[in-house]
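Residue-level listing of the chains:
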Amino acid sequence: MIVSPSRLQTLRDYIRWAVSRFHEHEVYFGHGTDNAWDEARLLVLGGLHLPWAMADAYLDCRLEEAECLHLNELLRRRIEERVPAAYLLGEAWFCGLPFIVDERVLVPRSPIAEYIERQFAPWLPKTPARILDLCTGSGCIGIACAYEFPDAEVVLADLSYDALEVANLNIEQHELEGRVYTVQSDGFDGLPGQRFDLIVSNPPYVDLEDFASMPDEYQHEPELGLACGDDGLDLVRRMLAEAADHLTDDGLLVVEVGNSQVHVEALYPEVDFTWLEFQRGGHGVFLLAAQQCREHQALFRQRLVPTGR
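Residues numbered from 1 in each chain as written. Predicted model: local features only at pLDDT ≥ 70, side-chain atom pairs only at ≥ 80, totals over all residues. Heavy atoms only, no water.

Peer 1: I would appreciate a short explanation of the pattern of salt bridges in the present structure.
Peer 2: When the charged atoms of two side chains lie near each other, side chains of opposite charge can form a pair. On inspection of all chains with the given rule, the structure shows 22 salt bridges. Where E114 meets R118, a salt bridge forms, and the shortest distance between an N and an O atom there is 2.7 Å. Look at E114 and you get buried, because its relative accessible area is 3%. R118 sits in the partly exposed class, given a relative accessible area of 32%. Among the salt bridges present, the one from E153 reaches R130, with a minimum N-O distance of 2.6 Å. With a gap of 23 residues between them, E153 in strand 4 (residues 153-158) and R130 in strand 3 (residues 130-134) connect regions that are remote in the sequence. A relative accessible area of 29% means that E153 is categorised as partly exposed. (Salt bridge = Lys/Arg side-chain N within 4 Å of Asp/Glu carboxyl O. Buried < 20%, exposed > 50% of the residue type's maximum accessible area, 1.4 Å probe, protein only. Helix = DSSP H or I, 4+ residues; strand = E, 2+ residues; numbered from the N terminus.)

Peer 1: Teacher, can you tell me more about the side chain of E39 here?
Peer 2: Tracing the backbone shows E39 in helix 2 (residues 36-47). When its relative accessible area of 4% is taken as the criterion, E39 is described as buried. One polar contact links E39 to T33, side chain to side chain, over a distance of 2.4 Å. When neighbours within four sequence positions are excluded, E39 is seen to be in contact with F22, F29, T33, R78 and A85. (Polar contact = N/O pair within 3.5 Å; in protein donor to acceptor, adjacent residues only side chain to side chain. Contact = heavy atoms within 4.5 Å.)

Peer 1: Would you mind going over the UniProt feature "domain: Release factor glutamine methyltransferase N-terminal" (unreviewed entry) in the protein with me for this structure?
Peer 2: The positions UniProt marks with the feature "domain: Release factor glutamine methyltransferase N-terminal" (unreviewed entry) are residues 15-90. The straight-line gap between the two end C-alpha atoms of residues 15-90 is 19 Å; of that span, 58% is helix and 0% is strand. (UniProt positions renumbered as here; feature names shortened; annotations may be inferred.)

Peer 1: Just checking my understanding: could you explain the pairing of strand 3 for this structure?
Peer 2: Each regular strand displays side chains that alternate between the two surfaces of the sheet. For strand 3, a buried count of 4 out of 5 residues is recorded, marking the element as mostly surrounded by other parts of the structure. With 5 bridges joining them, strand 3 and strand 4 adopt parallel strand pairing. Looking at the pairing, L132 lines up with V155 of strand 4. In this region the chain leaves strand 3, passes through helix 6 (residues 140-148) and returns to the parallel neighbour strand 4; the handedness of that crossover is right-handed. Judged from the 4 bridges that link them, strand 3 and strand 6 (residues 196-201) form a sheet pairing that is parallel. Following the sheet pairing, L132 is matched in strand 6 by I199. (Pairing = 2+ DSSP bridges. Right-handed = clockwise from strand over helix to strand, strands pointing away.)

Following this line, the structure appears as structure tokens:
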């Protein structure tokens, strides 16, 4: 059992000790941070409700006994149980915004955030009136879009009722009840006849090979939000086959498929996907205009296979 020594007395002590233990026990980073120092600082400061940007001088403040005990337990669970820091804190940040998270939803980390902040320039031809966040999870993508496009109506759709409960908490937290709402939907099934100017999706896309080799931290996330068939594309196939029916004439489809980009390119070599490039890291996000979705709809339907979900 991981127990921190009693001589740890300050925030700096705990951060330094946590960094060493994270390296010693080969903790995986990838749910909001990518290195031991940022993970330790996030967990220690967040665990005591202190701001990330707090001046370093405060790191030498001595802690109360109860605070030390609380940090001991958080760090123990992070190291021994491999629980992602976001779940231990009940919060994650996306597009500079805080979101409530727990093990009913994936930890927000999509590189799509970079393009939300750019309002999808230069590909979005006009300001969207209706936006769909398909496979919304915590609602972070759709809610971030609502901030960038303050006049848009935003629909957050997901198959999981548990995920939608979390998404509704985030709608309330950001006071967006007037124009952001949730819909239970398996793909587009719960949205008959509805069209959108922008559809953004971070669906389950992990293939069987990748899923089998994922670090233990991912075992705390809902499998429904990660794995989706042998090649990870069971749901993406359906989305592509039906997207043309749910986009306006000038609409835009943006979908993250991560490492399954290789499977998308192999399955649809005829399709000229735009694969987005990222300044802050990330890959495997494609973009299609509504016209392309209509042009290739017959092909998408031809290569549609029954889902294995």
